[in-house]
Amino acid sequence: MSKVTSVESRTAPVHIRDYLLGFGASLLLTGSAYFVATSDMPAKHEAMFLIGILAVVQCGLQLMYFLHLGREFKPRYRLMAFVFALSMLLIVVFGSLWIMQHLNYNMLYHPAQQEKYLRGQDGL
Amino acid sequence: MSQEVTTMNRTTLGFWIYLMTDCMLFAALFATFAVLRASTNGGPAGSDLFDLPYVMLETMALLISSFSCGLAVWAYQNNRRQLMVQLLVLTGLLGLTFLGLELSEFHKLIVEGNGPSRSGFLSSYFTLVGTHGLHITVGLIWLATLLVQILKGAGKSLYRRLTLFSLFWHFLDVVWIFIFSVVYLWGHIA
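Numbers given to residues run from 1 along each chain, matching the order in which its sequence is written. Naming scheme: in the order in which they are written, chains are lettered from A and ligands are numbered from 1. The predicted nature of this model means local features are confined to residues of pLDDT at least 70 and side-chain atom pairs, given and counted, to a pLDDT of 80 or more, with totals for whole chains, interfaces and linings taken over all residues. Note: side-chain values were computed over all heavy atoms of the structure, leaving out hydrogens and water.

Novice: What's the story with the overall build of chain A in this structure? I'm lost.
Specialist: Strands are runs of DSSP state E lasting at least two residues, helices are runs of H or I lasting at least four, and both sets are numbered from the N terminus onward. Scanning chain A for helices and strands turns up 4 helices and 0 strands. Written out in order from the N terminus, the α and β elements of chain A read α-α-α-α. Exposure classes here rest on a 1.4 Å probe applied to the protein chains alone. A residue is buried below 20% of its type maximum, exposed above 50%, and partly exposed in between. When burial is assessed residue by residue, chain A has 35% of its 124 residues classed as buried. Within chain A, contacts between residues separated by at least 24 positions form 43% of all contacts whose residues are at least 6 apart in sequence. Each accessible area value is a Shrake-Rupley result obtained with a 1.4 Å probe; residue values ignore everything except the protein chains displayed when judging cover. Carbon and sulfur atoms form 69% of the exposed surface of chain A, whose accessible area is close to 8,100 Å². Here, two residues are considered to be in contact whenever any of their heavy atoms come within 4.5 Å of each other.

Set out below in structure tokens:
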């Protein structure tokens, strides 16, 4: 295992192909997402799901091709830091949504409010 | 993917870790926005307010600027200094375009009475998108100082500074992907 200090002077070559690929793919994915949002075709939930997938894919591609994530020399500290941050992010976002949704449901004390809320939820 | 192309430089790693903490900041703002998405206080919702073609214009400006920023790094590595400067200037101009469009959008909303105090939804919208805009602003100031340093004759540290700037700028575009998708596109549909 080579020492870390010798790594610092090396500069990493970037290939123009990466940027062209990343840019082209991002354009396509952005355009597709816009199309999905503005066309009447997909139903609301399917459209939201599709757009979400397109966003995640574009994010992944930009991380790979613009930010060169995962292409490091070992040990892959950058990748580790990213995976950790991503885990925390998922917990914060989905945790908040879950908790707040439950709070909304459990905190309804007035019957009229409750009915209005329950009617607002799909399927009721 | 097995080809190793990036060096693990201490400063770059440190900056990357900072970007991860910035990511957490945006995560919290996104979570808040998602929780308050329906809290419109009898006022307008996303679908009433957002002009999608306009947002696409902003998105294109930022995406192309991220691309030109990446090309600038490539140009540096291929000893094409003049091209690098031109690409950085392009990045800056596109960034300014984005900022101008966004500020104009905010102004219009505020003037119509739909400012951040109108509803919980609008508070969280202005906070999330505004924070991103603040990051862009700081990035543009950074870019300006970088360009001044280059034109005055940058030294050995230029590559490191350029790399860090490009990390920051690419990161902001990645965040914008989610703002564009979750705030604007979802807002338009829902």
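Next comes the rest of the account.
Novice: Please explain the pattern of salt bridges as it appears in this structure.
Specialist: Two side chains of opposite charge can pair, provided their charged atoms sit close to one another. The term salt bridge refers to a side-chain nitrogen of Lys or Arg lying within 4 Å of a carboxyl oxygen of Asp or Glu. Inspection of the entire model under this criterion finds 2 salt bridges over all chains. Of the charged contacts in the structure, one is a salt bridge between R17(A) and D18(A), with a shortest N-O distance of 4.0 Å. Overall, R17(A) belongs to the partly exposed group, its relative accessible area being 48%. When the shortest N-O distance is used, the salt bridge between E112(B) and K108(B) registers 3.9 Å. For E112(B), a relative accessible area of 48% puts it in the partly exposed group.

Novice: Help me out: how do you make sense of a nonpolar patch on the surface in this one?
Specialist: Patches here: salt-bridge-free residues with over 30% relative accessible area, like charges joined within 9 Å, nonpolar side chains (Val, Leu, Ile, Met, Phe, Trp, Tyr) joined within 5 Å. Taken together, the side chains of I99(A), M100(A), L103(A) and M107(A) present a nonpolar region at the surface, about 370 Å² in accessible area. Inspection of the secondary structure puts I99(A) in helix 3 (residues 77-106).

Novice: What exactly am I supposed to notice about the interface of chain B and chain A here?
Specialist: Reports of interface size often rely on the accessible area that becomes lost once the parts have come together. Contacts between chain B and chain A engage 51 residues on the former and 56 residues on the latter. The buried area of a pairing is the accessible area, by a 1.4 Å probe, that goes missing from both parts when the two are put together, added over both. Both sides together, the interface formed by chain B and chain A hides about 5,100 Å², and carbon and sulfur atoms give 76% of it. In this assembly, chain B and chain A are joined by 0 salt bridges. Gly falls in the polar group here, along with every residue not listed as nonpolar (Ala, Val, Leu, Ile, Met, Phe, Trp, Tyr, Cys, Pro) or charged (Asp, Glu, Lys, Arg). Split by residue class, the side of chain B that touches chain A holds 35 nonpolar, 12 polar and 4 charged.

Novice: Whenever I open this one, the packing of helix 3 (residues 52-77) of chain B against helix 4 (residues 81-111) of chain B confuses me. Can you help?
Specialist: Any two packed helices are characterised by how steeply their axes cross, that is the angle between the axes, and by the distance between the axes. All names here are of chain B. Across the interface, helix 3 lies against helix 4 with an axial gap of 8 Å and an inter-helix angle of 160°. One way to sum up the angle between helix 3 and helix 4 is to call them roughly antiparallel. Like other packed secondary-structure pairs, helix 3 and helix 4 cross with a definite hand, here left-handed. Here the contact of helix 3 with helix 4 is built from residues that sort into 20 nonpolar, 5 polar and 4 charged. Orientation is described by axes fitted as lines to C-alpha atoms, over the contacting stretch for helices, and by angles from 0 to 180 degrees between their N-to-C directions. Roughly parallel refers to an angle under 35 degrees, roughly antiparallel to one over 145, roughly perpendicular to one between 65 and 115, and oblique to any angle outside these ranges. If you view the pair so one helix is near and one far, a crossing is left-handed when the near helix is turned anticlockwise from the far one by less than a right angle, and right-handed when it is turned clockwise.

Novice: Help me out: how do you make sense of the environment of K74(A) in this one?
Specialist: Residues and elements named next belong to chain A. Here K74 lies in the loop between helix 2 (44-65) and helix 3. Judged by its relative accessible area of 60%, K74 falls in the exposed class. Measuring from C-alpha to C-alpha, the distance between K74 and Y105 comes to 48 Å, with 31 residues separating the pair along the chain.

Novice: What's the story with the packing of helix 1 (residues 16-38) of chain A against helix 6 (residues 158-189) of chain B in this structure? I'm lost.
Specialist: Here helix 1 of chain A crosses helix 6 of chain B at 15°, and the two axes come no closer than 10 Å. What the angle tells us is that helix 1 of chain A and helix 6 of chain B run roughly parallel. Remark: the crossing between helix 1 of chain A and helix 6 of chain B carries left-handed chirality. Mapping the contact onto sequence places Y19(A), T30(A), A33(A), Y34(A) and A37(A) in helix 1 of chain A and H170(B), F180(B), L185(B), H188(B) and I189(B) in helix 6 of chain B.

Novice: What am I meant to see in the nonpolar core here?
Specialist: For soluble globular proteins, nonpolar side chains are generally found buried alongside one another. We call a set of buried Ala, Val, Leu, Ile, Met, Phe, Trp, Tyr and Cys residues a nonpolar core when their side-chain atoms join them within 4.5 Å. Among the nonpolar cores identified, the biggest contains 87 residues, and W16(B), M84(B), Y125(B), W176(B), I179(B) and Y184(B) are the most heavily contacted of them. Of all the secondary structure elements, the ones that give two or more residues to this core are helix 1, helix 2 and helix 3 of chain A together with helix 1 (10-35), helix 3, helix 4, helix 5 (120-151) and helix 6 of chain B. In terms of residue count, helix 6 of chain B provides more of this core than any other element does, 18 residues in total. Aside from chain neighbours lying at most four places away, what touches W16(B) is L63(A), L67(A), L69(A), R78(A), A81(A), F82(A) and L167(B).

Novice: Before we go on, may I ask you to explain the side chain of S124(B) in this structure?
Specialist: With respect to the helices, strands and loops of the structure, S124(B) is situated in helix 5. Setting aside chain neighbours within four positions, we find S124(B) in contact with T32(B), F33(B) and L36(B).

Novice: Is there a simple way to explain the packing of aromatic side chains in this structure?
Specialist: The relative placement of two aromatic rings is captured by the distance of their centres and the angle of their planes. Residue and element names in this part refer to chain B. Only the six-membered ring of Trp is used, alongside the rings of Phe and Tyr, when aromatic pairs are assigned; centres must lie within 6.5 Å, and planes under 30 degrees apart are stacked while those over 60 apart are edge-to-face, with the rest tilted. A complete count under the given rule lists 20 aromatic pairs over all chains for this structure. Where F33 meets F121, the ring centres are 5.7 Å apart and the plane angle is 45°; that geometry is what we call tilted. One end of the pair, F33, is in helix 1; the other, F121, is in helix 5, with 88 residues separating them in the sequence. Both rings, one in Y125 and one in F126, keep their centres 5.5 Å apart while their planes meet at 80°; by these two values the pair is edge-to-face. Each of the two residues, Y125 as well as F126, counts as buried. Ring pairing ties together the aromatic residues F33, F50, F98, F106, F121, Y125, F126, W176 and Y184, which thus form one cluster.

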